[in-house]
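Here are the chains, one letter per residue:
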Amino acid sequence: MPGPVVDVHTHVVPKGWPDLAAACGGSGWPWLRVDSERAAMIMVGETEFRPVGAECWDAETRLADMTADDVDVQVVSPTPVFFSYDRPADQAVKVARIFNDLTLEVTAAGGDRLVPFCQVPLQDPDAACAELDRCLAAGHVGVEIGNHVGDRDLDDPGIVQFLTHCAEVGAPVFVHPWDMPGSPRLDRWMARWLTGMPAETHLSVLALILGGVFDRVPASLRICFAHGGGSFPFWLGRADNAWHRRGDLVRGGSTAPPSSYVDRFSVDSVVFEPAALRLLVDTMGEDRVLVGSDYPYPLGERPVGAVVRKADFLTADQRDKLLSRNALRFLHG
C-alpha cells in the first residue's frame, strides 16, 4: 500500500514578528507590510521584496491546499531572506530564535501534517550547533541552510563542523540557494531565479564533493538539495570528465570521481517536466529523489507532485519511493 505523500520543500512566513532592530540590534531588517487579512508584502528596508498571502502563515489554508493536492505531510522551512548570514553572529542568533519559535506556532496547528525545520546562524558554527540543539528539543525535526555564507561555500571548515554535528545528532539538512549574484544581465526576466539558483546549487554540490566534505563527514549525514540539485545532474558527466582529465586542477580534496558520491545526498523533484525527472532519476537513482514543491511561492509546482504522478516511465514502486518512502527515510533515517 502506498505510503503518505510528503512534500519536503515548502516555506513559511509568520504573519508578524517583533521589530527586529529593537529585538536584535542593527538596521535594515525585513518587516511585513500587512495589506489585508490575507495579503502582505515582505519589505527589506523600504524596498518591496515579495508579496505573500495567508498560505504562508495560516495553517488552515496550508492544510486545505495540501488536501486538494493529495499531500499528507509538508516539511515547513524558513524563507531564506531571513537567514541573516551577513550580520554579526549575535544578531543572527536572536533572529533565528524569533523565527524558529514563530514557525513552531504555525506548524503546531497542523499536528503531524506540518513538520518544522529551523534556521541557524551558520556564520558561527558553535552558535549554529547550539541553536539546532535548542530547536530539536523544542520540536523541530531538521534544519534548512543556505548554500553559502558570503564567499564561504559548504566545504568551509565551520560549515563542515555544523554538518558533522547534524550527522551526529541525526538532523536532516535541506539546502536552499539564496543570495544569488546580481548584474544588469541578471536583472531581467527573473534571471537570477531562472539561472542563478540552479548554478548556485550546482556549485555547492561540487563543493561538498571536490572539497572533500563527503570524504570527511559521517555517511549518516542526511542532506537534500532544492530544485532538483540545480544544474548538477545534467552536467555530472562533464564534472567526471574534468576530474579524470584535469585532476591537477579539479580533484581538490575528493578521492573519487563526482559520480561516486551521488548516493551521499538527495534532491527534490521540482523540475516540472517528465523528461527532466527521468534524467534526475537516471542520474541520482530512484532512492535519492524526493517530492518537493516550493509551496507557496509562484515558481513552485502545483498540484504538488504532478511531475511524479504523470511520469509514465516510473513503476508503481518507484513512484511510491519518490512520493513517500525516500522522504520518510530523509526525515527519520
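Check the entry above for the structure.
Reading guide: rules and limits
- Residues numbered from 1 in each chain as written.
- Predicted model: local features only at pLDDT ≥ 70, side-chain atom pairs only at ≥ 80, totals over all residues.
- Heavy atoms only, no water.
- Helix = DSSP H or I, 4+ residues; strand = E, 2+ residues; numbered from the N terminus.
- Buried < 20%, exposed > 50% of the residue type's maximum accessible area, 1.4 Å probe, protein only.
- Contact = heavy atoms within 4.5 Å.
- Axes fitted to C-alpha atoms, helices over the stretch in contact; angles between N-to-C directions.
- Parallel < 35°, antiparallel > 145°, perpendicular 65-115°, else oblique.
- Left-handed = near helix turned anticlockwise from the far one by under 90°.
- Nonpolar A, V, L, I, M, F, W, Y, C, P; charged D, E, K, R; others polar.
- Pairing = 2+ DSSP bridges.
- Salt bridge = Lys/Arg side-chain N within 4 Å of Asp/Glu carboxyl O.
- Polar contact = N/O pair within 3.5 Å; in protein donor to acceptor, adjacent residues only side chain to side chain.
- Phe/Tyr/Trp six-rings, centres within 6.5 Å; stacked < 30°, edge-to-face > 60°.
- Lys NZ or Arg CZ within 6 Å of the ring centre and 35° of its normal.

## Section: the overall build of the protein chain
Check the secondary structure of the protein chain and you find twelve helices and eleven strands. Here the C-alpha coordinates of the protein chain stretch approximately 55 × 45 × 45 Å along the principal axes. In the protein chain, which comprises 333 residues, the share counted as buried stands at 56%. Of all intrachain contacts in the protein chain linking residues separated by at least 6 positions in sequence, the fraction that spans at least 24 positions is 69%.

## Here we look at the packing of helix α4 (residues 125–138) against helix α5 (residues 157–169)
Close contact between α4 and α5 brings their axes to 9 Å; oriented N to C, the two are set at 25°. By the criterion of interaxial angle, the relationship of α4 to α5 is roughly parallel. Considering how the two elements wind past one another, α4 and α5 form a crossing that is right-handed. For the pair α4 and α5, the contacting residues are P125, D126, A128, C129, L132, D133 and L136 in the first and G158, Q161, F162, H165, C166 and V169 in the second. Looking at the contact of α4 with α5 residue by residue, the class counts come to eight nonpolar, three polar and two charged.

## So, the sheet that holds strand β8 (residues 173–176)
Taken together, eight strands build an open sheet; the order of strands is β1-β5-β6-β7-β8-β9-β10-β11 and the sheet is parallel. Only two strands of the sheet have a single partner each, and these edge strands are β1 (6–12) and β11 (289–290). This element, helix α3 (residues 89–108), spans β1, β5 (73–78) and β6 (114–118) of the sheet and lies at about 175° to β6. Packing against the sheet, helix α6 (residues 191–210) makes contact with β8 and β9 (223–225), and its axis sits at approximately 150° to β9.

## A closer look at the pattern of salt bridges
Side chains that carry opposite charge are capable of pairing whenever their charged atoms lie near each other. What the rule picks out here adds up to 13 salt bridges. The partner of R33 in a salt bridge is E48, and the shortest N-O contact between them spans 2.9 Å. You can see R33 sitting in strand β2 (residues 30–36) and its partner E48 sitting in strand β4 (residues 47–53), a full 15 residues away along the chain. Between D248 and R246 there is a salt bridge; the shortest N-O distance is 2.9 Å. Using a relative accessible area of 59% as the deciding quantity, one classes D248 as exposed. You can call R246 partly exposed: its relative accessible area is 41%. Ionic contacts of the salt-bridge type, sharing partners, join the residues R97, D101, E131 and R134 into one network.

## Re the sheet that holds β2
Within a sheet, adjacent strands bond to each other through the backbone by hydrogen bonds, running parallel or antiparallel. Here we have three strands laid out as an open sheet, ordered β2-β3-β4, and antiparallel in their pairing. Of all strands in the sheet, those with a lone pairing partner are β2 and β4, marking the two edges. If you compare each strand with its neighbour and ignore which way they point, the axes differ by 25° on average. Two strands pair when backbone bridges link them, and strand β3 (residues 39–44) and β4 are joined in this way by six bridges, in the antiparallel orientation. Within the sheet, the bridge partner assigned to I42 lies in β4 and is R50.

## Some details on the side chain of T107
When you line up the elements, T107 lands in helix α3. With a relative accessible area of 4%, T107 lands in the buried category. Among all residues touching T107, those that are not within four sequence positions of it are V76, L114 and P116.

## Overview of the environment of S293
By the secondary structure assignment, S293 is in the loop between β11 and α11 (306–309). Sequence spacing of S293 and D156 is 137 residues, and the spatial spacing of their C-alpha atoms is 29 Å. Once you skip the residues sitting within four places of it in the chain, S293 turns out to touch D7, H9, T10, V270, G300, E301 and V304. Within the structure, S293 has its side chain in polar contact with the backbone nitrogen of Y295 (distance 3.0 Å).

## Overview of the packing of aromatic side chains
Using the criterion set out here, one finds twelve aromatic pairs in the structure. On the basis of an interplanar angle of 55° and a centroid distance of 5.1 Å, the ring pair of W17 and F99 is categorised as tilted. Of this pair, W17 sits in the loop between β1 and α1 (20–24) while F99 is found in helix α3, placing the two residues 82 residues apart along the sequence. F99 sits in the buried class, given a relative accessible area of 3%. The cationic tip of R87 hangs over the ring face of W29; the distance from NZ or CZ to the ring centre is 3.6 Å. Here the guanidinium or amino end of R238 rests over the ring plane of W235, the centre of that ring lying 6.0 Å away.

## Remarks on helix α10 (residues 274–284)
Note that an α-helix has 3.6 residues per turn; residues three or four places apart therefore point the same way. All of the buried residues along α10 are L277, L280, V281, T283 and M284. Taken together, the buried residues of α10 touch α8 (236–245), β10 (266–268), β11, α11 and α12 (316–332). Immediately downstream of α10, the backbone of G285 shows phi near 100°, a positive value.

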